[in-house]
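# Secondary and tertiary structure notes
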Amino acid sequence: MEAAVFILSLVDCCALIFLSVYFIITLSDLECDYINARACCSKLNKWVIPEMVGQCLSTMLMLVSMHWFIFLLNLPVAAWNIYRYVKVPMGNMGVFDPTEIHNRGQLKSHMKEAMIKLGYHLLCFFIYLYSMILALIND
């Protein structure tokens, strides 16, 4: 059971790493003017809910399997994703809005957030990998 939890978390983490890299590439394309703001934001907004669901799934798996340290490691990122989605102002296209992405350095903050999430997911990947190997050895 424990190995299955970590295998599922590892697969989920790989998907979240892919999404983080996709966000970084798309935002850097916008920064270099290879893509317009509307196309960039519509591409990124499609993946906000799947990212939130993936992070919450990993968090709930750790809660149910009673891995408290990893649960507490996942909880702030899951809460941040939910907060960011809930606090979208009325009239905006989504978390990424084409009319506001160039204002007040939002592009830089979105890029910084994507880089931090990539580092976080890489850290979690190695924690899950270590825990999976440990669970398989102990079984």
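Residues numbered from 1 in each chain as written. Predicted model: local features only at pLDDT ≥ 70, side-chain atom pairs only at ≥ 80, totals over all residues. Heavy atoms only, no water.

Taking an unreviewed UniProt entry as the reference, the chain is identified by name as Cornichon family AMPA receptor auxiliary protein 4 belonging to Perca flavescens.

## A closer look at the overall build of the chain
Applicable threshold: Where helices and strands are cited, they refer to DSSP runs of H or I of at least four residues and of E of at least two residues respectively, numbered from the N terminus. Any residue under 20% of the maximum accessible area for its type is buried, any over 50% is exposed, and the rest in between are partly exposed; the area is computed with a 1.4 Å probe on protein chains only. In what follows, residue pairs with any heavy atoms lying within 4.5 Å of each other are defined as contacts. Method for areas: the Shrake-Rupley scheme with a 1.4 Å probe, in which residue coverage is limited to the protein chains shown. His is not counted, nor are the chain ends, whereas Lys and Arg count as positive and Asp and Glu as negative. To locate a charge, take atom NZ for lysine, CZ for arginine, CG for aspartate or CD for glutamate.
A tally of regular secondary structure across the chain gives five helices and zero strands. Judged by the C-alpha coordinates and their principal axes, the chain covers about 55 × 30 × 20 Å. With 139 residues in all, the chain has 45% of them scored as buried. By sequence separation, contacts in the chain at least 24 residues apart represent 76% of the contacts at least 6 residues apart. Taken as a whole, the chain presents about 8000 Å² of accessible surface, with 72% of it coming from carbon and sulfur. The averaged location of the 10 negative side-chain charges in the chain is 9 Å from the averaged location of its 9 positive side-chain charges.

## Overview of the UniProt feature "transmembrane region" (unreviewed entry) in the chain
Threshold: UniProt positions are given in the numbering used here, feature names are shortened, and annotations may be inferred rather than shown by experiment.
Per the UniProt record, the feature "transmembrane region" (unreviewed entry) sits at residues 5-25, 60-83 and 118-137. Taken end to end, residues 60-83 is 88% helix and 0% strand, and its first and last C-alpha atoms sit 17 Å apart. Regarding residues 118-137, the helix share stands at 100% and the strand share at 0%, and the terminal C-alpha atoms are separated by 29 Å.

## Focus on the side chain of glutamate 113
Summarising the element assignment, glutamate 113 is placed in helix α5 (residues 106-138). The residues touching glutamate 113, leaving out its near neighbours within four places in the chain, are Trp80 and Arg84.

## A closer look at the packing of helix α3 (residues 48-64) against α5
Heads up, the condition is: Lines fitted to C-alpha atoms define the axes here, with helix axes fitted over just the stretch in contact, and angles between the N-to-C directions of these axes take values from 0 to 180 degrees. By definition, any crossing whose near helix is turned counterclockwise from its far helix by less than a right angle is left-handed, and any crossing with a clockwise turn is right-handed. Ten residues, namely Ala, Val, Leu, Ile, Met, Phe, Trp, Tyr, Cys and Pro, are considered nonpolar, four, namely Asp, Glu, Lys and Arg, are considered charged, and the remaining ones, Gly among them, are considered polar.
Running from N to C, α3 and α5 cross one another at 35 degrees; their axes reach a closest spacing of 14 Å. Considering how the two elements wind past one another, α3 and α5 form a crossing that is left-handed. Contact residues: α3 offers Glu51, Gln55, Ser58 and Met62, while α5 offers Lys117, Tyr120, His121 and Tyr128. When grouped by side-chain class, the residues that make up the contact of α3 with α5 number three nonpolar, three polar and two charged.

## Notes on the side chain of serine 20
Relative to the helices and strands, serine 20 resides in helix α1 (residues 2-31). What serine 20 contacts, discounting residues up to four positions off in sequence, is Ala114, Lys117, Leu118 and His121.

## Quick look at a nonpolar patch on the surface
Going by this rule: Only residues whose relative accessible area exceeds 30% and that take part in no salt bridge are eligible for patches, with like-charged residues grouped when within 9 Å of each other and nonpolar side chains (Val, Leu, Ile, Met, Phe, Trp, Tyr) grouped when within 5 Å. When a carboxyl oxygen of Asp or Glu is within 4 Å of a side-chain nitrogen of Lys or Arg, the pair counts as a salt bridge.
A cluster of nonpolar side chains, contributed by Ile49, Val53, Ile82, Tyr85 and Val86, occupies part of the molecular surface with about 440 Å² of accessible area. Listing elements by their share of the nonpolar patch, those giving two or more residues are α3 and α4 (68-86). Looking at the nonpolar patch, the element that brings in the most residues is α4, giving three residues. For tyrosine 85, the position within the fold is in helix α4.

## Some words on the packing of α1 against α5
Condition: Any angle that is under 35 degrees is reported as roughly parallel, and any over 145 degrees as roughly antiparallel; angles of 65 to 115 degrees are reported as roughly perpendicular and all others as oblique.
For the pair α1 and α5, the least separation of the axes is 8 Å and the interaxial angle reads 160 degrees. In this view, α1 runs roughly antiparallel relative to α5, as classed from their interaxial angle. Seen along the crossing, α1 lies across α5 with a hand that is left-handed. Among the residues making up the contact of α1 with α5, the classes are represented as 26 nonpolar, six polar and four charged.

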